[in-house]
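Breakdown of the fold
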Amino acid sequence: MSGDDPHALAARIAASSHGRRLLVALDHDGTLSPIAPRPDDAHLATGARAALERLCALADVAIVSGRGLDDLVTRFAGLPVTLVSEHGLRRRQPDGSIEQLAATLAPDTLAQLRPRLAALLTDQAGWLVEDKGVTIAVHHRLVPDAELEPTLGAVRALLEAAAAAPGAASPSGPGASGAGGSVQSGKAVLELRPAGADKGAALLRLAGQGSSGRAHRTSPHVLMVGDDATDEPALAVAELLGGIGVLVADTARTTAASARLDGPDQVVVLLDALADALASRDGR
Ligand SMILES: [Mg+2]
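Read on for an overview of the structure. All figures in this text were calculated on a predicted structure; none of them were measured in a lab.

The rules behind each value
- Residues numbered from 1 in each chain as written.
- Predicted model: local features only at pLDDT ≥ 70, side-chain atom pairs only at ≥ 80, totals over all residues.
- Heavy atoms only, no water.
- Donors = N, O, S within 2.8 Å, 3.2 Å for Na, K, Ca; no water.
- Helix = DSSP H or I, 4+ residues; strand = E, 2+ residues; numbered from the N terminus.
- Buried < 20%, exposed > 50% of the residue type's maximum accessible area, 1.4 Å probe, protein only.
- Contact = heavy atoms within 4.5 Å.
- Pairing = 2+ DSSP bridges.
- Axes fitted to C-alpha atoms, helices over the stretch in contact; angles between N-to-C directions.
- Core = buried A, V, L, I, M, F, W, Y, C linked by side-chain atoms within 4.5 Å.

Binding of the magnesium ion to the protein goes through Asp27 (OD), Asp29 (O) and Asp227 (OD), at separations of 2.1 Å. Donor residues for the magnesium ion, ordered by position in the chain, follow D-x1-D-x197-D. One end of the pair, Asp27, is in the loop between strand 1 (22-26) and helix 2 (48-56); the other, Asp227, is in the loop between strand 12 (221-226) and helix 7 (232-240), with 200 residues separating them in the sequence. Take Asp27 and Asp227: they sit in the same class, and that class is buried.

Dropping the structure here:
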């Protein structure tokens, strides 16, 4: 079954957000960019950058990703977007100011984990450790299914032990909980991250502030678009706030989102159509 019509969705969002600020929150991998075998090889879908550029003049745009902040800054250089990195751990405003949104993992936790992962994965083909400095992700997209186990189980056990280590997370900044780490599974990836880093909590905070970082009196109409399990809390927040969550998936599945698009190409069509609809609605 194919997904929703992006033009109809855009018209609905433009009508629903009339007279209000519109917040467009977008995941990166699998949403704005086709999934690539290695994270470094992923690039924005054709037309995505131009569509984002137009949309930034008409709405607040935020990228909410599991990627590290430096990586996102490079990818979205020149666009006035808010960047939320590491699943909601840090936020960079369009003016370049950076905030910590959740507790970080204690440096010792990651320092002890790195050599253990390296020892486990040495001589194992296809495994890729992405060290974001504040979180660690282990990708297995290039490992043949038949060769995943028992290594995948061992990786999970190592990450879970690190997450449960005493003092795994250290409170810092607003929203810090001091809770331990947690292990998150995504598409062909396992990631250790602070338990408080969550895309849903990050989206709630974005909805409470404009792109300038100042608190707004009126709540925005929220659109969230994402493709993975890590996006579900944010898709649910968008729906709960009376906005819309859009799942990117080529087949229907259980989700908090009320709409679905087939892939990144359809997301670009939605963003373009949304820019058209907002511009004509507002006579720009
Ligand atoms: Mg994704």
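All right, on to the environment of Ile98 then. Along the polypeptide, Ile98 turns up in strand 5 (residues 98-100). Setting aside residues no more than four positions away along its own chain, Ile98 makes contact with Leu69, Arg91 and Arg92.

Strand pairing in a sheet relies on backbone hydrogen bonds, with the paired strands running either antiparallel or parallel. Read across the sheet, 4 strands follow the order 7-8-11-10 without closing on themselves; strand pairing throughout is antiparallel. In this open sheet, the two strands that pair with only one neighbour each are strand 7 (128-131) and strand 10 (181-186). Adjacent strand axes in the sheet meet at a mean angle of 20°, parallel and antiparallel pairs treated alike. As judged from the 6 bridges shared by strand 10 and strand 11 (residues 189-194), these two strands associate in the antiparallel manner. Across the sheet, residue Val183 finds its bridge partner in strand 11, namely Leu192.

Turning our attention to the nonpolar core. Among the nonpolar cores identified, the biggest contains 38 residues, and Val24, Leu26, Phe76, Leu223, Leu271 and Leu274 are the most heavily contacted of them. Examining the composition of this core, we find that 9 residues originate from one element, helix 8 (residues 264-281), more than from any other. For Leu271, the contacting residues outside a window of four places in its chain are Val24, Leu26, Leu32, Ala51, Leu52 and Leu55. Counting 19 residues, the second largest nonpolar core, distinct from the first, contains Val64, Leu101, Val237 and Ala249.

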